[in-house]
Every structure is written in structure tokens, then in C-alpha cells.
2 protein chains.
Amino acid sequence: MSHAESGDVVADREDPRGDPARPVTISYIAESAGVSVPTVSKVINGRSGVAADTRAKVEALISQYGYRRPTPATRSNMMELVFEQLEHMWGVEIIRGVERVARQNRVGVVLTEFGPERSAIHYWIDDTLARRPDCVVSVAQLSDEQRDLLRARGIPFVVFDPTVELPDGVPFVGATNWTGGRSATRHLIQLGHRRIATIAGPDRVLCCRARLDGYRSAMEAAGLPVDPDLVARADLTTEDGHAAALRLLDRPGRPSAIVTGNDLQALGVYQAARELGLRIPADLSVVGFDDLPVAALVEPPLTTVHQPLTEMAVAATELALALGRGEKTAQIGFELATTLTVRASTAAPPR
Amino acid sequence: MSHAESGDVVADREDPRGDPARPVTISYIAESAGVSVPTVSKVINGRSGVAADTRAKVEALISQYGYRRPTPATRSNMMELVFEQLEHMWGVEIIRGVERVARQNRVGVVLTEFGPERSAIHYWIDDTLARRPDCVVSVAQLSDEQRDLLRARGIPFVVFDPTVELPDGVPFVGATNWTGGRSATRHLIQLGHRRIATIAGPDRVLCCRARLDGYRSAMEAAGLPVDPDLVARADLTTEDGHAAALRLLDRPGRPSAIVTGNDLQALGVYQAARELGLRIPADLSVVGFDDLPVAALVEPPLTTVHQPLTEMAVAATELALALGRGEKTAQIGFELATTLTVRASTAAPPR
């Protein structure tokens, strides 16, 4: 599909251009200025990272050629939903929320999983620009360049549960991770626990840092010291949660409770406790995070911080579609509230 | 989108028609014959359910107007994936298989969940015909009419794990459910169990009937009677598995083992056993079906029949895309092998 077909054009036939038969696209401006397409996108979108003289040249051409950012004249009634990997148990929770809103709006959802080596990312942006979706909901990490390309085509996007800090102005929907980590820890403190460990997820994942800081904040508010020996790091898997729990529990002065980074890690703690002959919750209290369907099914049923994944997906999709219709929305970024679901994996500490 | 735009046309300008300016579409033939579009589709596709004189009239018009079934000249590089509901834990396993093949073929996947009241089904077929996908993979039940409409447009479809008996010639990919039910039961017999109960899924679900018959077949092969009191029915949920297990276990002469219809039911059996103070596997052996990720995480880890959902989805998508390219495939329907995954929920019966 050429640029002319894909809508990236608002030609002004009266402008003095080298080749009036060619439509005014970003590519055309880039070519005329001798710079890259992403550079032109950055200038159009007022983003940083462009040298002053380049910016001046591009702006002069934009003005001269009469380029206007395209406003989609026709809606495709299609949207894009992208995931890095669908391995997570919560994939379905998110997809269901997106599908619910898609049905209400009669919008087709193109689902893309970038896959193990992120192989699909190389063609996804090209194919997405060609498909001209009304909007994008991204559970994956998009690069600055990809975001620029979407912006330049007037395709709005919303980041679902951002894993890294986003520049101001990038629409997102997340959950109150800091508050969730805090309420999980406070619940244990109120039960009487003092030696409370945490298994935090990787530092590179933003929500994990927020959850860890929520733990620290609750400890501090209760006047309890944060013992560095009781803060473990592990990937958000059952295996890594299991290994971290063994390190925390298989030694003298073990904690009486563990706040985990997610439910899968908590299931790893369950395995470690069984191996060490520790009963949950009599000997050890455990709190998860996410409230996956599995949390209610394990023995004992897991106390966990409920993350409203489906509602978050609903909100992200509604926001993205509203932006796609050109509506001014009250907020372009927000976090939905987590809530503590108390089940049977937490109790008072052993005497 | 009109029929002319959507490709449902191969006009032969030399044919003697009432209005040579109108393209020869199925609608046009239906209108001329005074019958419905699905009726014309049935005739074109050689399906039953059309009165002889109607069939003769339609065939005469097809011959007269020179209608040929359209062969898609251009590929859209899009495919459709439809689910009834995504509640099942195995949704992600299926989607991952489809996405893997879609990446290899650089095909966009439009995902539709029909939803709680199947509300999306009403517009999905219209929107799908308008989107002109290369093929459809359906985890949902399509009606005869929907199948006819897809056929008439030359859009091939593959049914994933059919829940009802399909007419001959409908492409599908399933799993060897009968063999799976048989090997689950034989495993228990080999451990020494004699009083083996089964919780079967609903009769309306084809795979459940196959699994139940596999149970019966293994019992018969071992010369064991099938006690009707040991055959329960329940929906494929943890709640219903729990209720059925209580009925089977909370009485004299209880079984020493239960073959369930799926893993969720098996988790319900776990709950019932705990409530009744029965240890798994010392007092009661349990076998699941599906091998969802949760099966390895519960305590004790669940012995279950592995259903290769991702591989089935890969096969279904490859088949659908091959049909979409107009290839003659060696098989249009097949079942992938199930395998028994022995974990810790099965052991010899109590003495």
C-alpha cells in the first residue's frame, strides 16, 4: 500500500513544490529535507531529539508544502491489540475486557503477539500503518520511533499497564501498584507480623518497583525496619518465586510472612513451604498480587491484591477508541484501584 | 460494502442476463430465482436441504449467467479467529498457537469473542465477509448458514476442537479424546483400582462423550463393570466438579479413584476431598484432562491427559491458511494425539 492510499496525505495543490503530482506525505517531506521519516515525525509532534537546524529546515518545508497532520476521514472500525508474549495467565483477562468494548462498538480487534524473539515487531508497525486502525492498545513496549510513526498517521495508542516510565502525554491505563503493595504489607502488620519478607519482581519492571516501595512504605509507617536480608528479587514466575522463597526460609531467623511480586511467585512460595514442612498460614503467611483465577483454587486459597485486569482493559480500549474518534478526553492516563482479597493464606504469626 | 466491492463476483459479460450492468453475485442469482442467498449457497456447495425444483431453477440460472465461485485474486493477509467465550483457562494456549503461525506467514489475526449472549455473532459474519479474510479458525460453533456464506465467498474455515458432530467435508482439528479417556482409566486400573468413578462433562459436548466412552472402553477391556452410580455428569467447571465429587464420595462404598472430564473439575474434586478429609492420592486418586498450566501447580500436582492445545491451534491455522491459498491438503480433518502426564495425584488404592 502506498502512502497515497494509506491516507498519510493532505495535499494542497497550490503549493510551490518540485513535483506537484506527488502528494505531500511525511516521506515526501523527509526526502526533500534529506532526513529520516522519524525525524519529520518528531518535528511534527513537537518532540525532542532533533538538531535545531534540521528542525528549522523541516518546519520550513512543512510550511511551504502545506502539510497538515491527517485526520482520518473514514474510520476503519478496526483496532490493534499487541502483546509481547501471551504466556502470562492474565492474557485472557485483558483480551476479554478489550473484546467487551469492541463488541459494544462493533470494532474488529487485530491481535498480535510479538513472540519469543519479538519477531513480529519488525513488520507489525508497517502492517498496522497499512491497516489504518482507529486506535492501538499496547500491552507491549513500543519504541519511540513506533510511537512517532503512529502519531504521524494520527493513530492514537494507549499503553496498558506500562512496564517502564512513559514520557508525559503518552496515554496509559495502569493499576495502583504502590497502594497495592502497601495494603498487602499493612494487612500482615495488622495480623501481628513483624519479620515480613518481600519477593520483589525485576527492577526493570515499573510496577514491581512500585509494589516494593509500597511494602517499604507500610513497614516504615508501622515503625518496622526493612531488613535487606528480607528483600529478595526474582522474576515473576513460579520457579523463581520458589528459589527465592527457599533462600528466605531455609535459614535461622526466617520471616513469618512473605509479600510476593505476583501470584505465580506466591505459588512458588507454596512449593518451598511444603518442601520445608512449613504450614500456610500456621507457620507462614503469604500474600500474592494479581488475583488470577488460580489464586482461589489453590490450597489454601491465596490472599492476594486484586488487580482489575479486565476493567483496566475496558478502560484502555474505551480511551483508545475515544481518542480515535478525535474526542478530547478528561484524562489521558490513570490507574485503577487495586483491592486486597483476603483468603486463607494469611493469619497471625506463630507464637 | 456492496457485493461488487467485496469480491463476490465473476462476471461474464457475454451471458444473456436481464441487466448486464449488474455483476453476477449470489445475491443476484437469489433475486432472479426468487430464493434466499443461503439457498443459492447450498446449491453451489452441493449441500442438502434444498427442494429439487428450487435446485434445478438455481442451477439453470448459475449456468445461464456464467457464475463461477470466486477465487480470491488478492490475498488480504488477514485471518479471523473466533471464540464463543474466552473464560476458559485454555484460551491463551490456543491463541499462542495461532499467533505463532500468523507470525511465520505475516498474517494479521482478527480476534472475536462472541461474548456472554453471543451478541457479536449477529454482526461478525457481515463484518467478516466485508473484511475478506484469507481464512477463519473457529473455536466457536458456526451455523450452517454462516458456513454457507463463508463457502460462497470462497473463505475457507477450520473448526477447532468441534463440540458437535460436523457434516462430512467440514475441516477441523481436534484431539484424540476417546483415546485420552481410555488411557486415563487404564492408568488407574494398572495401579490396582477397581471402583473407578468418572465425572463426565455435558452430553451435548462431543469431546465429553468421547472421553466417557474411552472410560467405559477401558473398564470393559479390563472386565470391570461400569456401575451407573459411579458415572456422574457435571459442567466443566470447578464448582460443578466439586458438587459431583461430593455426591460420589460422601457415601458408603465410595470409589477409590475418579476420572474427571477436565482439569477444572479435578480441582473441584480436590476441594471435595479436603472437605471430607480424604488424602490425595493415599485415599483417592484423581485424573484430569487438558493439562492446563495450573495442573502442575496444585498440591499434589495433577495427573492428567495432556491435550496439545497449542499444537492443535498451529495445525488448524496452517490448514486454514493452506486452504486459503487454494492448496489441496492431504487431510481436511484430523485429531492430534493426547498423552497421559503422570504426576502425584494417582497411586495404588488404599488396602
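Numbering of residues starts from 1 in each chain and follows the order in which that chain's sequence is written. Labels follow written order: the first chain is A, the first ligand is 1, and so on. Note on the predicted model: pLDDT of at least 70 is required for a residue's local features to be given, and 80 or more for side-chain atom pairs to be given and counted; whole-chain, interface and lining totals, by contrast, use all residues. Side-chain measures were taken over the full set of non-hydrogen atoms in the model, leaving aside hydrogen atoms and water.

Under an unreviewed UniProt entry, the name given to chain A is Transcriptional regulator, and the organism recorded is Plantactinospora mayteni.

The next thing to look at is the relation of the copies chain B and chain A. At an RMSD of 0.2 Å, chain B and chain A line up after a rotation of 180 degrees and a shift of 0.0 Å along the axis. Such a combination of turn and shift is consistent with a two-fold rotation axis. Across chain B, the rotation axis passes nearest the C-alpha of Val 110 of chain B, at a separation of 2.0 Å. We call two residues in contact whenever any of their non-hydrogen atoms come within 4.5 Å of each other. The overlap is high: 100% of the interface residues of chain B also sit at the interface in chain A, so the same surface is used on both sides. When the copies are superposed, the least-squares fit draws on C-alpha atoms of residues that have pLDDT of at least 70 in both.

Attention shifts here to the sheet that holds strand S10 (residues 303-306) of chain A. All names here are of chain A. What the six strands build is an open sheet, ordered S7-S6-S8-S9-S10-S12; its pairing is mixed. Taken across any chain shown, the strands that pair with only one partner, and hence form the sheet edges, are strand S7 (231-233) and strand S12 (339-341). Between one strand axis and the next, the sheet turns through 20 degrees on average, direction left out of account. Here, a strand pair is defined by DSSP locating no fewer than two bridges between the strands. In this text, helices come from DSSP runs of H or I with a minimum length of four residues, and strands from runs of E with a minimum of two, each type numbered from the N-terminal end. Bridge analysis of strand S6 (residues 196-200) against S7 gives three bridges, and the strand direction is parallel. Directly across from Ile 199, in S7, lies its bridge partner Ala 232. Packed on one face of the sheet, helix H7 (residues 177-190) meets S6, strand S8 (257-260), strand S9 (285-290), S10 and S12 and runs near 165 degrees to S9. Between N-to-C directions, angles span 0 to 180 degrees; the directions come from axes that are lines fitted to C-alpha atoms, helices contributing only their stretch in contact. Sheet contacts for helix H10 (residues 263-276): S6, S8, S9 and S10; angle to S9, the most-contacted strand, approximately 155 degrees.

Moving on: the packing of aromatic side chains. Residues and elements named next belong to chain A. Each Phe, Tyr or Trp ring, with Trp reduced to its six-membered ring, pairs with another whose centre is within 6.5 Å; inter-plane angles below 30 degrees give stacked pairs, above 60 give edge-to-face pairs, and intermediate values give tilted ones. Summed over all chains, the structure comprises two aromatic pairs over all chains. With centroids separated by 5.7 Å and ring planes inclined at 70 degrees, the aromatic side chains of Phe 114 and Trp 124 adopt a geometry described as edge-to-face. Remark: Trp 124 occurs in helix H5 (residues 121-131) and Phe 114 occurs in the loop between strand S2 (108-113) and H5; sequence separation between them is ten residues. For the residue pair Phe 114 and Trp 124, the accessibility class agrees, reading buried in each case. For the cation-ring pair, Arg 211 lies above Phe 289, with the distance from its terminal atom to the ring centre recorded as 3.7 Å. Buried, partly exposed and exposed residues are distinguished by accessible area as a fraction of the type maximum, computed with a 1.4 Å probe on protein chains only: under 20%, between the cut-offs, and over 50%, respectively. Geometrically, a lysine NZ or arginine CZ counts as sitting over a ring once it is within 6 Å of the ring centre and also within 35 degrees of the ring normal.

A separate point is the pairing of strand S4 (residues 157-160) of chain A. All names here are of chain A. Because side chains alternate across S4, one face comprises the buried residues Phe 157 and Val 159, and the other comprises Val 158 and Phe 160, equally buried. Bridge count for strand S3 (residues 135-138) against S4 is three bridges, and the pairing is parallel. By the bridge assignment, Ser 138 is partnered in S4 with Val 159. You can see the chain leave S3, run along helix H6 (residues 144-152) and come back into S4, and the turn it takes is right-handed. Here S4 pairs with strand S5 (residues 172-175) via two bridges, running parallel. Counterpart to Phe 160 in the pairing with S5 is Val 173. Orienting the strands away from the viewer, one traces the path from the first strand over the helix to the second; a clockwise path indicates a right-handed crossover.

One frequently used descriptor of interface size is the decrease in accessible area upon assembly of the parts. Tallying the contact residues gives 37 residues for chain B and 37 residues for chain A. Note on definitions: buried area is the accessible-area loss of two parts on being combined, 1.4 Å probe, summed for both. Taking both partners together, chain B and chain A bury about 3,100 Å²; carbon and sulfur atoms supply 58% of that area. Considering only the surface of chain B that becomes buried against chain A, Arg 103, Arg 106 and Leu 297 of chain B emerge as the three largest contributors, covering 22% of it. Among the ionic pairs, Asp 127 of chain A bridges to Arg 106 of chain B, the shortest N-O distance being 2.7 Å. Those elements that provide at least two residues to the side of chain B that touches chain A are helix H4 (91-105), strand S2 (108-113), helix H5 (121-131) and helix H10 (263-276) of chain B. The biggest single contributor to the side of chain B that touches chain A is H4 of chain B, with seven residues. Classes in brief: Ala, Val, Leu, Ile, Met, Phe, Trp, Tyr, Cys and Pro nonpolar; Asp, Glu, Lys and Arg charged; the others, Gly included, polar. Per-class residue counts for the side of chain B that touches chain A are 18 nonpolar, eight polar and eleven charged. One speaks of a salt bridge when a side-chain nitrogen belonging to Lys or Arg is within 4 Å of a carboxyl oxygen belonging to Asp or Glu.

Quick look at the side chain of Asp 283 of chain B now. Residues and elements named next belong to chain B. Within the secondary structure, Asp 283 sits in the loop between H10 and strand S9 (285-290). Taking relative accessible area as the criterion, Asp 283 reaches 12% and is therefore assigned buried. Beyond its immediate stretch of four places on either side in the chain, Asp 283 contacts Arg 254, Ser 256, Gly 277, Leu 278 and Pro 350.

Where side chains of opposite charge bring their charged atoms close, a pairing between them can arise. Here the structure, examined in full by the defined rule, presents 32 salt bridges over all chains. Here Asp 291 of chain A makes a salt bridge to Arg 343 of chain A, at a shortest N to O gap of 3.0 Å. Here Asp 291 of chain A, found in the loop between S9 and S10, pairs with Arg 343 of chain A, found in the segment after S12; they are 52 residues apart in sequence, far enough to count as distant. When its relative accessible area of 17% is taken as the criterion, Asp 291 of chain A is described as buried. Overlapping salt bridges, with partners in common, bring together Arg 96 and Arg 103 of chain A together with Glu 113 of chain B in one network.

What follows covers unusual backbone geometry. The omega torsion of the bond from Ile 280 of chain A to Pro 281 of chain A falls at 5 degrees, within 30 degrees of zero and hence cis. Structurally, Pro 281 of chain A is set in the loop between H10 and S9. The omega angle of the peptide bond from Glu 299 of chain A to Pro 300 of chain A is -5 degrees, so this bond is cis rather than trans. Tracing the chain through its elements places Pro 300 of chain A in the loop between S9 and S10. Positive phi is not limited to glycine here, since Asp 161 of chain A has a value of about 50 degrees. Mapped onto the elements, Asp 161 of chain A comes out in the loop between S4 and S5. Assessed through its relative accessible area of 11%, Asp 161 of chain A is described here as buried. Residues other than glycine seldom take positive phi values, yet Asp 291 of chain B does so here, at roughly 60 degrees.

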